[in-house]
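Structural overview for review
Spelled out from the first residue to the last, the chains are:
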Amino acid sequence: MRAAYLDALRATDLTRKIGYVRQLTGLAINASGPDVAIGEICRIFPRGVGAAAEPAGRLVHGTGILAEVVGIKSGQVTLMPYGSVQGLAAGCEVVADGSRTEIGVGDSLLGRVIDGFGHALDGLPDPVTGIRRSLKGLPINPMQRPRITEVLETGIRSIDSLLTIGQGQRVGIFSGSGVGKSTLLGMIARHVTADINVIALIGERGREVREFIDKQLGEEGLQRSVVVVATSDQPALARVRAAYVAVAVAEHFRDAGKQVLLTMDSITRFAMARREIGLSAGEPPTARGYTPSVFAELPEICERCGTAPSGGAITALLTVLVEGDDLNEPISDSLRSILDGHLVLTRQLAHQGQYPALDVLKSASRLMPDLTTPEQRQLAVHAIKMLALLERNRQMVDIGAYERGSNVELDRALAVEPELLQFLRQNLGGIRREEALKKLMQVFGVAQ
């Protein structure tokens, strides 16, 4: 018994690492001390509220404001808060919590809506988890990753037949605002052939969170989903943490051998939040103000997805908010080179009433040749060729300058255009890939 008490005493931290706020600039808090490392959690106590009454090791339950160390200079620490800085001033006490960035994971998260700290947002008690997992996990050795060989059925005809995705593939959904990204994600999340959905809503409007869960995801989809939320009004650090929490939760289920679909809406807002943190920490701005750490973290978070030796896989669908509908802006350009494919939604198709507004000609799946049969690839190539021919001659046909009989291929394309466009339109998900391929064969009159 005496030995147990001695072991407990040795394991107890009897000291506190304390510093003091010296300067507040925007959301950046500069403090003298404490002795901490990058990524460590601290608590900042407003004036009149000290840490003296808090037992060592229990500061997580204290009344201070949570903050994370984002920069260290000689004799100075830069922190960013997870909440409001209201009430903070120079001289406020900063106490190192001693905890690093971890999250509780487990089956109890299924069907729940949580924030970046694992606290419930759905009005129920916080999920009870028995396993702690680091938010900054390491990517799998590339030589230990199994190759992607199985098709992931999304329930969307145009994707499954013309832009086939595999289990473990990482795909970006590129779109301007208001073109239907969230609707498409909801259709996929409800009907995809995956065991678990992990949905990260990063920087979303508060109204859209409830709308997405009730309308797009539905009760059936929520049962096998974990939804991690950080709304647009939350500090940049909370938005970044929520993204890493979603990846860590997905890794837990993947390591258990599950097929996981990770959807993040949007990774662009993650990059914007990381830019805000980097600028506050003193990083130099580069393209459009994005800091170097943004372009370092994008591949880091993407490479943690994919297949694993456990037999499980994380298929990532990451929405990319294209600023000003410019597909060549820095984040879009960087992600196209990192990901294994891209689905482009265009405003022009949305204005024509085509939903999902998927521009097949601008989209690509790099793994489609490995996942489909020669007959399926030939059918997809034929459809894309017809769409390209129609697009190239659209203006001439619209003004009446084309005379039928001048081009046999164009005549064939014009003949199948109504049925082909109808095939690309889809109000509800859940259509099997086999049915989509049969329908596409019928459009071109191919014998089954």
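In this text the structure is predicted, and so the values were computed from the model without any measurement.

Let's shift gears to the side chain of Asn 197. Residue position: Asn 197 is located in strand E13 (residues 196–204). The class for Asn 197 is buried, based on a relative accessible area of 0%. In this structure, Asn 197 is in contact with Ala 189, Val 192, Gly 221, Arg 224, Ser 225, Val 226 and Leu 261, ignoring residues within four places of it in sequence.

Applying the stated rule across the entire model yields three aromatic pairs. Ring geometry for Tyr 82 versus Phe 117: centroids 4.8 Å apart, planes at 80°, classification edge-to-face. Here Tyr 82, found in the loop between strand E5 (76–81) and strand E6 (93–96), pairs with Phe 117, found in the loop between strand E8 (112–114) and strand E9 (131–134); they are 35 residues apart in sequence, far enough to count as distant. Ring geometry for Tyr 290 and Phe 295: centres 6.2 Å apart, planes at 70°, overall edge-to-face.

We now examine empty space enclosed by the protein. What the rule picks out here adds up to one cavity of 30 Å³ or more. Reported here for the largest cavity is a volume of approximately 40 Å³. Around the largest cavity, the lining residues are Val 247, Leu 262, Met 264, Ile 267, Ile 301, Cys 302, Cys 305 and Leu 318. Of all elements in the fold, only strand E15 (259–265) and helix H7 (292–303) reach the threshold of two or more residues within the lining of the largest cavity.

Turning our eyes to something else, we now look at the sheet that holds E6. The antiparallel closed barrel is built from six strands, whose spatial order is E1-E2-E5-E4-E3-E6. Between one strand axis and the next, the sheet turns through 45° on average, direction left out of account. Of the pairings in the sheet, the one linking strand E1 (residues 18–25) to E6 comprises three bridges and is antiparallel in character. Paired with Ile 18 across the bridge in E6 is Val 95.

Here we come to the pattern of salt bridges. All chains considered together, the criterion is met by 19 salt bridges. The partner of Arg 170 in a salt bridge is Asp 340, with the nearest N and O atoms 3.2 Å apart. With Arg 170 in strand E12 (residues 170–175) and Asp 340 in the loop between helix H8 (330–338) and strand E18 (341–344), the pair connects residues that are 170 residues apart, well separated along the chain. The partner of Arg 274 in a salt bridge is Glu 297, and the shortest N-O contact between them spans 2.3 Å. Highlighted residues: Arg 274 in helix H6 (residues 267–280) and Glu 297 in helix H7, separated in sequence by 23 residues. Across this residue pair, the class does not change: Arg 274 and Glu 297 are buried. Among the ionic contacts, a cluster of salt bridges with common partners joins Arg 133, Glu 251, Arg 254, Asp 255 and Arg 304.

With that settled, the discussion passes to unusual backbone geometry. Residues apart from glycine generally show negative phi values, whereas peptide bonds are mostly found in trans. Between Asp 265 and the following residue, Ser 266, the backbone shows a cis peptide bond with an omega angle of 5°. Within the secondary structure, Ser 266 sits in the loop between E15 and H6.

By the criterion of burial, E13 is predominantly enclosed, with nine of the nine residues buried. Across six bridges, E13 lies against E15 in parallel orientation. Of the residues in E15, the one forming a bridge with Ile 196 is Val 260. Both E13 and strand E14 (residues 225–231) contribute to a ladder of seven bridges, which runs parallel. Pairing of Val 198 across the sheet is with Val 226, part of E14. Considered for its hand, the β-α-β crossover made up of E13, helix H4 (residues 206–223) and E14 is right-handed.

In contact at an axis separation of 11 Å, H7 and H8 are set at 35° when each is read in the N-to-C sense. The two elements H7 and H8 cross, and the hand of that crossing is right-handed. Residues Val 294, Phe 295, Leu 298, Pro 299 and Cys 302 of H7 pack against Pro 330, Ile 331, Ser 334, Leu 335 and Ile 338 of H8. Classifying every residue of the contact of H7 with H8 gives nine nonpolar, one polar and no charged.

It is worth spelling out helix H5 (residues 236–255) at this point. Compared with an ideal rise of 1.5 Å per residue, which puts 20 residues at 28 Å, H5 spans 29 Å between its outermost C-alpha atoms and is within 8% of the ideal. Counting buried positions over the 20 residues of H5 gives 19, a clear majority of the element. Positioned one or two residues after H5, Gly 257 has a phi angle of 90°, which is positive.

Tracing the backbone shows Val 381 in helix H11 (residues 374–392). Owing to a relative accessible area of 54%, Val 381 belongs among the exposed residues under this scheme. For the pair Val 381 and Leu 162, spaced 219 residues apart in sequence, the C-alpha separation works out to 8.0 Å.

The rules behind each value
Residues numbered from 1 in each chain as written. Predicted model: local features only at pLDDT ≥ 70, side-chain atom pairs only at ≥ 80, totals over all residues. Heavy atoms only, no water. Helix = DSSP H or I, 4+ residues; strand = E, 2+ residues; numbered from the N terminus. Buried < 20%, exposed > 50% of the residue type's maximum accessible area, 1.4 Å probe, protein only. Contact = heavy atoms within 4.5 Å. Phe/Tyr/Trp six-rings, centres within 6.5 Å; stacked < 30°, edge-to-face > 60°. 1 Å grid on protein atoms, 1.4 Å probe; cavity = no way out; pocket = protein on both sides within 12 Å on 5 of 7 lines; lining within 4 Å. Points joined across faces, edges and corners; volume = space filled by probe spheres on them. Pairing = 2+ DSSP bridges. Axes fitted to C-alpha atoms, helices over the stretch in contact; angles between N-to-C directions. Salt bridge = Lys/Arg side-chain N within 4 Å of Asp/Glu carboxyl O. Right-handed = clockwise from strand over helix to strand, strands pointing away. Left-handed = near helix turned anticlockwise from the far one by under 90°. Nonpolar A, V, L, I, M, F, W, Y, C, P; charged D, E, K, R; others polar. Expected span 1.5 Å × (residues − 1).

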